[in-house]
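A structural walkthrough
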Amino acid sequence: MMKFRFRRQTTDPQREKIKQELFAFRKTVEHGFPHQPSALAFDPKLQLMAIGTKSGAIKIYGAPGVEFTGLHKDTTAVTQILFLPGQGCLLSLLDDNTIHLWELVAGVTREVGGVKKEGVVSLREVDSYCLPGRPGIESSSATRVTVLHLLKSCDLLCVGTEGGGVYVLELPRLSLKENQTLLQDHVTQSLPDDYRCGKSLGPVESLQEHPQQAGKILIGYSRGLVVLWDLSSRHADQLFLGKQQLESLVWERSGNLFVSSHNDGGYSVWAVTNGNVYNNQPVSSTIPYGPFPCKAIPKILWRTTQSSSPVILYSGGMPRASYGDRHCLTIQQDKEHVTLDFTSRVIDFFTVHNVDDDKEFDDPSALVVLLEEELVVIDLLTPGWPSLPTPYLAPLHSSAITCSCHVTNVSTKLWERLINAGKAQQSRRHTHKSWPICGGKSLAPPPKQQELLLTGHEDGTVRFWDASGVALTPLYKLSTANVFHTDCDPVDDPHDDPDMQQEEEEEWPPFRKVGCFDPYSDDPRLGIQKISLCKYSNKLVVAGTAGQVIILGLNDERSDHLVDVSVMDLLQDREGFTWKGHDRLEPRLKPAPFPPGFQPLVLLQCLPPASVTAVALHAEWNLVAFGTSHGFGLFDYHRRNAVLARCTLHPNDSLAMEGPLSRVKSLKKSLRQSFRRIRKSRVSGKKRVLTTPTSKVQEANAALAEQEEVAPVQRRIEPRSADDSLSGVVRCLCFADTFLRDGTHHGPTLWAGTNSGSVYAYALEVPGVGLGRTCERGGASESSMCVEAVLGKEIQLMHRAPVVSICVLDGRGKPLPDPYEASQDLAIAPDMTNAHSVLIASEEQLKVFSLPKVSAKTKFKLTAHEGCRVRKVALVLFSSSVQEDYSEHTLVCLTNMGDMHLFNIPGLRPQVRFDCIRKEDISGIASCVFTKNGQGFYLISPSEYERFSLSAKVLTEPLCSVQLHRHLEQTFTCDGTPTHMQANGTHKNQMGQAEGKVDVPLSTLPSPLLDTPLDSPLSCADLTLDSTGELTVEDVRDFLTTVDEEENNLRNMKDEEGRSPGILIN
């Protein structure tokens, strides 16, 4: 009989089909600003912009929602990009001296939302080329490419090199035309003897084709020489003998003038004449910020206008001594002169202007500046040259992201109020003209609901983003700095000091701060750690690094008021504990101005002022709960009353009193305690060898009983010591209307879980709710009553693993609805007739307890089975992609190995597992946030979120089309079948193809047995993400998991019979 005990369960074909209709993993789109941009290009005919990065990625942007992404085979920096105007082709130059040709190609017909979408376009690499070395020259630096220039005919590409040579490639084959090669020796022979002087001309710095005479190009050498070269006759028409080191060249539209910029901070205007071959003197030379030494001008543009004098735009040129550290770009026209002052380095810039040959003037309409950390667009048609708000590519990391929160299905009324509040914040230096980069067309269906992504930042701000579609658009910014006395300026204050403005206008150079990237925080205590938003009552809770918990309400009007302050001491005068960390923030004692939007109602300050680690809001009961490393508290913000303060510190937990600056001590102490545990386990292991036969029988019986409950192959889990450091940290909080005292009366409860595996459940008596209902709602006696909390249950998990999440399930095994959903008929009412249960997820296992007895019903030992630890948990409603009325509540677990495990509830049977994030990307795992409909976000760089979907039905991906001047070819594989698109910017196929979207059949699921596909190289970046109390020695130990253990895991999985690809059998 024993041989049948562990027989594998056979698969249910019907259940497998349902799983395929519910679950499918795809990485869909990357939100935010590309990490480490290195190149910029613009197609004026297609109105598309391309950005290259140091990791080898190419991202093309058009109208909001139009995005294409490609990835080179090697993670090498992109140094230059060129569009073939109107053709949907792109040339990229990499730092490894290779030139690559990309093109937009049509994919297969897609069915989205029941509608067939044709003309869906993706980006594909079609060819590459590398210049051969020159014969007789050992060093390859002579043919190292410095600059690319595409002729107007789009059939020839001029390539300038460090050795001073200019090579010509034929397009689209990327073949070298050797008869067109121009070496530096040919040019030197034409120079006068006094200019030659035996010196090299230096690398080719710039190539520019004559705007009116095709085939004639300006060649600018580093030494200062500029040659007007005729490609057809292979003859130098004119030589401009400059003596200052050259940086860049630009033609005036008529072709009669060109402008050169130099490394001394000046620029020169040269006249092109037919009379004299040699030109020694420019028409004019100017050092705009002289006479003292200035920095170089790397790039200059000269744009003619019909109404007045030309617009001159150039980067750099600042005086070295006084403003050498500034990142600037200057705009000049007549007497107007503005120096745009940025907070990050200028990578490149271009203007949107007339390019048609029949137009006489450029008439620039917009300036687009790519910076190292953001994109800035300036309106050149509006007086004062204001900036345009960006509909995408906004810098998520304008201040370092410290936390995030997602809100789904936002009401139209709240959405409009947030938009209006955001518009009121925009200064007078913003214009509302249309976005100039408007190429392509989005074929994606409009979002069915509006979604918000809230990000908390290090400078005390909370930013609201429109996460409904492909473009992540900023809506509104909330600042909490003006609640306190700090050195920070109240950014949201719309009233500026006119005297300060006048001083700024009289300053020389005439600086103007532009852009929103500001990574510096005057006070790190302002950092946001936790966010909770109630979309029905418009209440927001924001908790910070210094123990501040702010309750805010939405107001459409500006308000000047004093914020109420309440203080809660979590230590409750316990002896032997002294806080050694930072001080609390000092609140303002006078009324402060607050702009339209979320305005603070109550400031709750917990003592000691440690970082808040958990927060929960129940707006229907007017309650907010918060937790720190010292304990948790409950506050009634309607009556301004402290309800509960519970200290969770262990007697030996003095480390929690040292604050975040004692991280080194904590690591030493954690390592010391880890070695003690290891030594203790070895000693206990040796002692067990000398046991009596009776004890051996008892151990065997105990092991057999354990095997009856779980699978036979499990890892041994060592219990954690009760005196581990930071054991009192509160990891999660939860409100629920459930049965705690007995099985017949339900009422409000509060649940709290700690780092030491303790769970506290409190029964709450809320006036007018549940057991505390004694009068009609809103009565006088109710307002005089106070909320009370009584400890109902206390649970201690066996291995003392940190509690990650707590959720109460109703009689049907479904999670309870959010506040206001049941009372306002916005969701199905919970089942209160059958017994409830509570799902407690620790780092090691998932367990369901029955209520109110708190007896174990079912569990799944994730660490024992899979060898991983739980990091993030969410309850998600998955809808079927085939059956409209079928859906399932599923528990999603993200582990420290970066994979997703899905379980049904309340049975906790494994459904499917997906590889999502690389296990080395610790910060990406820590930043992951789930949505309620099966999607998620995680940081792949400080400025980018990767969006993914676990649902076979809900998907947000770019589906785009572009009208090109050539026929779009469809891509096919060797067997003639159309190729499936890879995930946007995250994978490469065997041919090095990188696609702009996803096309995975809904009937297929990725197999966990396959190797994890390559993540975006951007995810390798170092992140500065605050994960207070989460990075421990166990994390490091998990990171150093041996290869043998991973191979054993895969071998065990492969041995299981009857398993379909990608699905774990129950």
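Note that this is a predicted model, so its numbers are computed, not measured.

The rules behind each value
Residues numbered from 1 in each chain as written. Predicted model: local features only at pLDDT ≥ 70, side-chain atom pairs only at ≥ 80, totals over all residues. Heavy atoms only, no water. Helix = DSSP H or I, 4+ residues; strand = E, 2+ residues; numbered from the N terminus. Buried < 20%, exposed > 50% of the residue type's maximum accessible area, 1.4 Å probe, protein only. Contact = heavy atoms within 4.5 Å. Areas by Shrake-Rupley, 256 points an atom, 1.4 Å probe, with all protein chains shown as cover. Pairing = 2+ DSSP bridges. Axes fitted to C-alpha atoms, helices over the stretch in contact; angles between N-to-C directions. UniProt positions renumbered as here; feature names shortened; annotations may be inferred. Core = buried A, V, L, I, M, F, W, Y, C linked by side-chain atoms within 4.5 Å. Expected span 1.5 Å × (residues − 1). Arc of directions from axis to C-beta. Salt bridge = Lys/Arg side-chain N within 4 Å of Asp/Glu carboxyl O. Phe/Tyr/Trp six-rings, centres within 6.5 Å; stacked < 30°, edge-to-face > 60°. Lys NZ or Arg CZ within 6 Å of the ring centre and 35° of its normal. pLDDT = per-residue confidence, 0-100. Polar contact = N/O pair within 3.5 Å; in protein donor to acceptor, adjacent residues only side chain to side chain.

To continue, consider the overall build of the protein. Of regular secondary structure, the protein possesses 13 helices and 65 strands. Counting all 1066 residues of the protein, 56% fall into the buried class. A separation threshold of at least 6 residues defines the contact pool for the protein, and within that pool the share at least 24 residues apart is 62%. Total accessible area on the protein stands at roughly 46,500 Å², and carbon and sulfur atoms take up 50% of it.

A separate point is the sheet that holds strand 24 (residues 284-286). Overall, antiparallel pairing links the four strands, which are arranged 20-21-22-24 in an open sheet. Looking at which strands have only one partner, the edges of the open sheet turn out to be strand 20 (246-251) and strand 24. Sheet twist, expressed as the mean angle between neighbouring strand axes with direction ignored, is 20°. Sheet topology note: the strand 20/strand 21 (residues 257-262) ladder contains five bridges and is antiparallel. When the sheet's bridge partners are listed, Trp 251 is paired in strand 21 with Phe 258.

Moving on: unusual backbone geometry. Residue Pro 852 is reached from Leu 851 by a cis peptide bond, and omega for that bond is 5°. Looking at the element boundaries, Pro 852 is found in the loop between strand 56 (846-850) and strand 57 (855-860). Of note, the bond from Ile 905 into Pro 906 is cis; its omega dihedral lies within 30 degrees of zero at 0°. For Asn 97, which is not glycine, the phi dihedral falls at a positive 75°. Structurally, Asn 97 is set in the loop between strand 7 (89-94) and strand 8 (98-106). Judged by relative accessible area, Asn 97 falls into the buried class, the value being 10%. Although it is not a glycine, Arg 640 sits at a positive phi angle of roughly 55°. Note that Arg 640 resides in the loop between strand 48 (631-636) and strand 49 (641-647). Looking at Arg 640, the relative accessible area reads 36%, which means it is partly exposed.

Under the present numbering, the feature "repeat: WD" (unreviewed entry) in UniProt falls on residues 452-466. For residues 452-466, the helix share is 0%, the strand share is 80%, and the end-to-end C-alpha distance is 5 Å.

Counting 34 residues, the largest nonpolar core has Leu 452, Leu 454, Phe 464, Leu 478, Leu 540 and Phe 598 as its most contacted members. Per-element accounting of this core gives the leading share, four residues, to helix 5 (residues 412-425). The contacts of Phe 598, once residues within four sequence positions are left out, are Leu 418, Phe 464, Tyr 476, Leu 478, Leu 533, Asn 538, Lys 539, Leu 540, Leu 552, Gly 553 and Leu 554.

Right, let's get into the pairing of strand 1 (residues 23-32). Extensive coverage of strand 1 is indicated by the burial of ten of its ten residues. Inspection of the sheet shows strand 1 paired to strand 64 (residues 944-951) by seven bridges, in the antiparallel sense. Bridging from a neighbouring strand, His 31 pairs with Tyr 945 of strand 64.

Examined against the element boundaries, Val 870 turns out to sit in strand 58 (residues 870-879). Along the primary structure Val 870 and Glu 843 are separated by 27 residues, whereas in three dimensions their C-alpha atoms are 4.4 Å apart. Contact partners of Val 870, with chain neighbours within four places excluded, come to Val 804, Ser 842, Glu 843, Leu 862, Leu 894 and Thr 895.

Helical periodicity: at 3.6 residues per turn, an α-helix aligns residues three or four positions apart in one direction. When the terminal C-alpha atoms of helix 5 are compared, their 20 Å separation across 14 residues agrees well with the 20 Å that a helix rising 1.5 Å per residue should span. Residues Leu 414, Trp 415, Arg 417, Leu 418, Ala 421 and Gly 422 constitute the buried set of helix 5. One face of helix 5 carries all of its buried residues, which in axial projection span an arc of 165°. Those residues of helix 5 that are exposed and angled more than 90 degrees off the buried face are Lys 413 and Lys 423. Summarising the contacts, the buried residues of helix 5 are in contact with strand 35 (452-457), strand 36 (461-466), strand 37 (473-479), strand 41 (548-555) and strand 45 (597-607).

Read across the open sheet, the four strands follow the order 6-7-8-11; overall the sheet is antiparallel. Because the sheet does not close on itself, it has two edges, and the strands there are strand 6 (78-84) and strand 11 (121-130). Sheet twist, expressed as the mean angle between neighbouring strand axes with direction ignored, is 25°. Of the pairings in the sheet, the one linking strand 7 to strand 8 comprises five bridges and is antiparallel in character.

Among the secondary structure elements, Gly 265 is positioned in the loop between strand 21 and strand 22 (267-271). C-alpha separation for the pair Gly 265 and Gly 290, spaced 25 residues apart in sequence, amounts to 7.8 Å. Ignoring sequence-local partners within four residues, the contact set of Gly 265 consists of Thr 286, Ile 287, Pro 288, Cys 294, Lys 295, Ala 296, Ile 297 and Gly 317.

All right, on to the pattern of salt bridges then. For the structure shown, the criterion picks out 30 salt bridges. Note that Glu 372 is salt-bridged to Arg 345, the shortest N-O span being 3.3 Å. Residue Glu 372 is found in the loop between strand 30 (366-371) and strand 31 (375-379), and its partner Arg 345 is found in the loop between strand 28 (336-342) and strand 29 (346-352); the two are separated by 27 residues along the sequence. Arg 345 gets classed as partly exposed once you look at its relative accessible area, which sits at 37%.

Right, let's talk about the packing of aromatic side chains for a bit. Scanning all chains against the criterion turns up 23 aromatic pairs. When the centroid spacing of 6.0 Å and the interplanar angle of 75° are considered together, the rings of Phe 632 and Tyr 762 count as edge-to-face. Here Phe 632, found in strand 48, pairs with Tyr 762, found in strand 52 (residues 758-765); they are 130 residues apart in sequence, far enough to count as distant. An aromatic cluster is present here, built from Phe 25, Phe 914, Phe 930, Tyr 938 and Phe 948 joined pairwise through their rings. For Lys 299, the ring lying beneath its charged end belongs to Phe 349, and the centroid distance is 5.0 Å.

Turning to the confidence of the model for the protein, a few remarks are in order. Within the protein, residue pLDDT values average 83, and 77% of them lie at 70 or more. Counted against residues more than four places away or in other chains, residues 771-780, with its pLDDT under 50, gives 13 contacts. Taken as a whole, residues 970-1066 scores under 50 in pLDDT and shows 239 contacts with residues more than four places along the chain or in a different chain.

Below, the discussion takes up the pairing of strand 39 (residues 528-534). The side chains of a regular strand alternate between the sheet's two faces. In terms of burial, strand 39 is largely enclosed, as six of its seven residues are buried. The pairing of strand 39 with strand 40 (residues 539-544) spans six bridges and is antiparallel. Looking across to strand 40, one finds that Cys 534 is bridged to Lys 539. Connecting strand 39 to the antiparallel partner strand 40 that follows it, the hairpin turn spans four residues, and Asn 538 within it adopts a positive phi of roughly 60°.

Before going further, it helps to spend a moment on the side chain of His 618. For His 618, the location among the structural elements is in strand 46 (residues 614-618). Residue classification places His 618 among the buried residues on the basis of a relative accessible area of 8%.

Our next topic: the environment of Asp 636. Residue placement: Asp 636 occurs in strand 48. What makes Asp 636 buried here is its relative accessible area of 0%. Along the primary structure Asp 636 and Glu 788 are separated by 152 residues, whereas in three dimensions their C-alpha atoms are 9.9 Å apart. What Asp 636 contacts, discounting residues up to four positions off in sequence, is Asn 622, Leu 623, Asn 641, Val 643 and Val 787. Among the polar contacts listed, one links the side chain of Asp 636 to the backbone nitrogen of His 638, at a separation of 3.1 Å.

With respect to the helices and strands, Ser 248 occurs in strand 20. At 2.6 Å, the side chain of Ser 248 and the side chain of Ser 261 are in polar contact. Among the polar contacts listed, one links the side chain of Ser 248 to the backbone nitrogen of Ile 300, at a separation of 3.4 Å. Those residues in contact with Ser 248 that sit more than four places away from it in its chain are Ser 206, Val 259, Ser 260, Ser 261, Ile 297, Pro 298, Lys 299 and Ile 300.

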